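# Survey of secondary and tertiary structure
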Amino acid sequence: EAQVTQNPRYLITVTGKKLTVTCSQNMNHEYMSWYRQDPGLGLRQIYYSMNVEVTDKGDVPEGYKVSRKEKRNFPLILESPSPNQTSLYFCASSPTPNEKLFFGSGTQLSVL
Amino acid sequence: ILNVEQSPQSLHVQEGDSTNFTCSFPSSNFYALHWYRWETAKSPEALFVMTLNGDEKKKGRISATLNTKEGYSYLYIKGSQPEDSATYLCAFSLSSNTGKLIFGQGTTLQVKP
């Protein structure tokens, strides 16, 4: 089944404890991206990747890192999470940026 | 600062009503306009991606139009059903060379039986 797999679904952590949210797609898509969703603000793009080893900042990249060492995986890394990073996170992929995005199931992150 | 505006913010209609909402985006540097449907507790699901001025797309009772010169897109739902209740998101893509995608805040539709 074609899908974007995101883990974990829920995560509660404490300020400063490094964490990684994984994202993997099995559709051989070149384009992958990360978003956060906060009430009243809609989806905001954090980082995106046009292909392996090619990543770039979205609108809200501060406090996040990404890597794209293989086509299928695009992990989101929070080196030192802070409470303002408490949010719902989505990973998405598509063949190119201008085709329909396939979204993962989301990760609800709480940073205490 | 590039901004995508959706209106209205929320909408309550009766089953059987037809409805429409608007997505406004910068008309310069336009490349593509996306529409997504997002049900509560699920992930956003793609409806349409449109690139050409005058484009019209249709999927069942849902259709969309695009005007790139004036910077707006309309989403229409004919004969709304309770299962159409969701948040509808549009997203604007700047150019073919960038992966930047800017989403609007969404229009939340509630269809009462």
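Scroll up for the structure.
Summary of the structure given here.

All right, on to the nonpolar core then. Side chains of nonpolar character tend, in soluble globular proteins, to be buried together. Ranked by internal contacts, the top residues of the largest apolar core, which has 25 residues, are Leu33(B), Trp35(B), Leu75(B) and Tyr88(B). Within the residue set of this core, elements represented by two or more residues are strand 2 (10-14), strand 3 (19-24), strand 4 (32-38), strand 5 (45-50), strand 7 (62-67), strand 8 (72-77), strand 9 (86-93) and strand 11 (107-112) of chain B. Ranked by size, the runner-up nonpolar core spans 19 residues in total, among them Val4(A), Cys23(A), Met32(A) and Phe74(A).

A cluster of nonpolar side chains, namely Ile12(A), Val14(A) and Leu112(A), defines an oily patch on the protein surface of about 330 Å² accessible area. Looking at the element boundaries, Ile12(A) is found in strand 2 (residues 10-13).

Moving on to the interface of chain B and chain A. Listed as interface residues are 25 residues of chain B and, on the opposing side, 24 residues of chain A. Regarding the contact of chain B and chain A, the summed buried area is about 1800 Å², with carbon and sulfur atoms giving 58% of it. Connecting chain B to chain A are one salt bridge. Between Lys100(B) and Asp59(A) there is a salt bridge, and its shortest N-O distance comes to 4.0 Å. Of all the secondary-structure elements, those providing two or more residues to the side of chain B that touches chain A are strand 4, strand 5, strand 9 and strand 10 (101-103) of chain B. Within the side of chain B that touches chain A, the residues separate by chemical class into 13 nonpolar, ten polar and two charged.

Moving on, we get to the sheet that holds strand 3 (residues 19-25) of chain A. Think of a sheet as strands paired side by side through backbone hydrogen bonds, with each pair either parallel or antiparallel. Read from one edge to the other, the open sheet built from four strands follows the order 1-3-8-7 (chain A), with strand pairing classed as antiparallel. Across the chains shown, the open sheet's two edge strands, defined by having one partner strand only, are strand 1 (4-7) and strand 7 (65-66) of chain A.

Calculation notes
Residues numbered from 1 in each chain as written. Chains lettered and ligands numbered in written order. Predicted model: local features only at pLDDT ≥ 70, side-chain atom pairs only at ≥ 80, totals over all residues. Heavy atoms only, no water. Core = buried A, V, L, I, M, F, W, Y, C linked by side-chain atoms within 4.5 Å. Buried < 20%, exposed > 50% of the residue type's maximum accessible area, 1.4 Å probe, protein only. Helix = DSSP H or I, 4+ residues; strand = E, 2+ residues; numbered from the N terminus. Patch = residues over 30% accessible without salt bridge, like charges linked within 9 Å, V, L, I, M, F, W, Y side chains within 5 Å. Areas by Shrake-Rupley, 256 points an atom, 1.4 Å probe, with all protein chains shown as cover. Salt bridge = Lys/Arg side-chain N within 4 Å of Asp/Glu carboxyl O. Contact = heavy atoms within 4.5 Å. Buried area = accessible area lost by both parts, 1.4 Å probe. Nonpolar A, V, L, I, M, F, W, Y, C, P; charged D, E, K, R; others polar. Pairing = 2+ DSSP bridges.

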